[in-house]
Amino acid sequence: MSVSTIVVVMNMTFHVFDTQRGALAATPGIVTSYPGGDTAVRELQPLGAGLRPVAWNRGGVIDYAALGQWVAFHRNRSAEAPVLVAPYLPSARGDHDPTDDARVAARLTAATGVAHVVTVDPHSTVWADEARRGGVAVTPIEAVDLVACGAAHHPGWAGVVAPDKGARERAGRVASRLGVPLYTAGKQRNPATGKLSGFVAPEGLPEDGRLLVIDDICDGGGTFAGLADSIRASRPQ
């Protein structure tokens, strides 16, 4: 009797980080599903000393079964502790929800046995704090660090714009790194629905130069696009 499997296209890909060369490369591994829906990770290979297993998760959903199986394999067969790279932490924005979304997602991630999570500019510290309580080391790469690697090397920035007061702290750190002024814009909401209805450009913007908009989250990009239109209308240059 044969058992069939189905390859499932997932957000997670598998890699190896060479700690001596500082290089990341893809490694074998597929996420499959049995006809009954059971997740199975196959075709993995053991890694020796100095070769760190890395699972890279794209998007906001983690397949905890696949992650747990991948972690178990490398904890049993490889020399280095496995690392999860998750630029977007699942349910991180649910840090105030009555259903405890952020903490639940952090606990599930910790339950996979992964030793270390690397993420990018998390919404708040709630997710990371909960994961650390579960024994996971969490390394956040902050927005200011990303700017230091990219935007800081391109001259001509005239200022940094925070879309609202809630983004001022994060945007302010970026403005300090770039050595430019911080401007705070405003959002208009429909009082009946709470949905965004417009944007107010900051006062005192310079006549020319480029502006960098820094917010704490980007879903569909509506805030960035709407604010850009508002700024262009008030400052055509």
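See the structure printed just above.
Residues numbered from 1 in each chain as written. Predicted model: local features only at pLDDT ≥ 70, side-chain atom pairs only at ≥ 80, totals over all residues. Heavy atoms only, no water.

Quick word on the sheet that holds strand S6 (residues 51-57)
Right, so step 1: Reading across the sheet, the six strands line up as S3-S2-S6-S7-S8-S9 and stay open at both edges, with mixed pairing between neighbours. Looking at the sheet topology across the chains shown, the edges are occupied by strand S3 (23-26) and strand S9 (137-141). The sheet shows a mean angle of 25 degrees between the axes of neighbouring strands, taken without regard to direction.
Right, so step 2: Note that strand S8 (residues 116-120) and S9 share five bridges and pair parallel. Bridged to Val-120 within S9 is Ile-141.
Right, so step 3: Contacts from helix H1 (residues 64-77) reach strand S2 (12-18), S6 and strand S7 (83-85) within the one sheet, and its direction differs from that of S6 by about 180 degrees. (Pairing = 2+ DSSP bridges. Helix = DSSP H or I, 4+ residues; strand = E, 2+ residues; numbered from the N terminus. Axes fitted to C-alpha atoms, helices over the stretch in contact; angles between N-to-C directions. Contact = heavy atoms within 4.5 Å.)

Some details on helix H6 (residues 222-234)
Right, so step 1: The terminal C-alpha atoms of H6 lie 18 Å apart, and with 13 residues this matches the ideal 18 Å at 1.5 Å per residue to within 8%.
Right, so step 2: Buried residues of H6: Thr-223, Gly-226, Leu-227, Ser-230 and Ile-231, and no others. Looking straight down H6, one finds its buried side chains confined to an arc of 135 degrees; they lie on one side. In H6, the exposed residues that point more than 90 degrees away from the buried face are Arg-232 and Ala-233.
Right, so step 3: On its buried side, H6 packs onto strand S10 (157-162), strand S12 (186-189), strand S13 (196-200) and strand S14 (210-213). (Expected span 1.5 Å × (residues − 1). Buried < 20%, exposed > 50% of the residue type's maximum accessible area, 1.4 Å probe, protein only. Arc of directions from axis to C-beta.)

Considerations on the packing of aromatic side chains
Right, so step 1: Summed over the entire model, instances satisfying the criterion amount to one aromatic pair.
Right, so step 2: Between Phe-14 and Trp-70, the aromatic rings sit 6.0 Å apart at their centres with planes inclined by 10 degrees, giving stacked as the arrangement. Of the two residues, Phe-14 sits in strand S2 while Trp-70 sits in helix H1, which places them 56 residues apart along the sequence.
Right, so step 3: Directly above the ring of Trp-157 sits Arg-210, whose terminal nitrogen or CZ lies 4.2 Å from the centroid. (Phe/Tyr/Trp six-rings, centres within 6.5 Å; stacked < 30°, edge-to-face > 60°. Lys NZ or Arg CZ within 6 Å of the ring centre and 35° of its normal.)

Focus on the sheet that holds strand S11 (residues 182-184)
Right, so step 1: Taken together, the three strands give an open sheet; going across it, the order is S11-S10-S14, and neighbouring strands pair in parallel fashion. With partners counted over all chains shown, the strands left at the sheet margins are S11 and S14, one partner each. Between one strand axis and the next, the sheet turns through 35 degrees on average, direction left out of account.
Right, so step 2: Judged from the three bridges that link them, S10 and S11 form a sheet pairing that is parallel. Opposite Val-160, over in S11, you have Leu-182 as the bridge partner.
Right, so step 3: Strand contacts of helix H5 (residues 168-178): S10, S11 and S14, with the helix running at about 170 degrees to S10, the strand carrying the most contacts.

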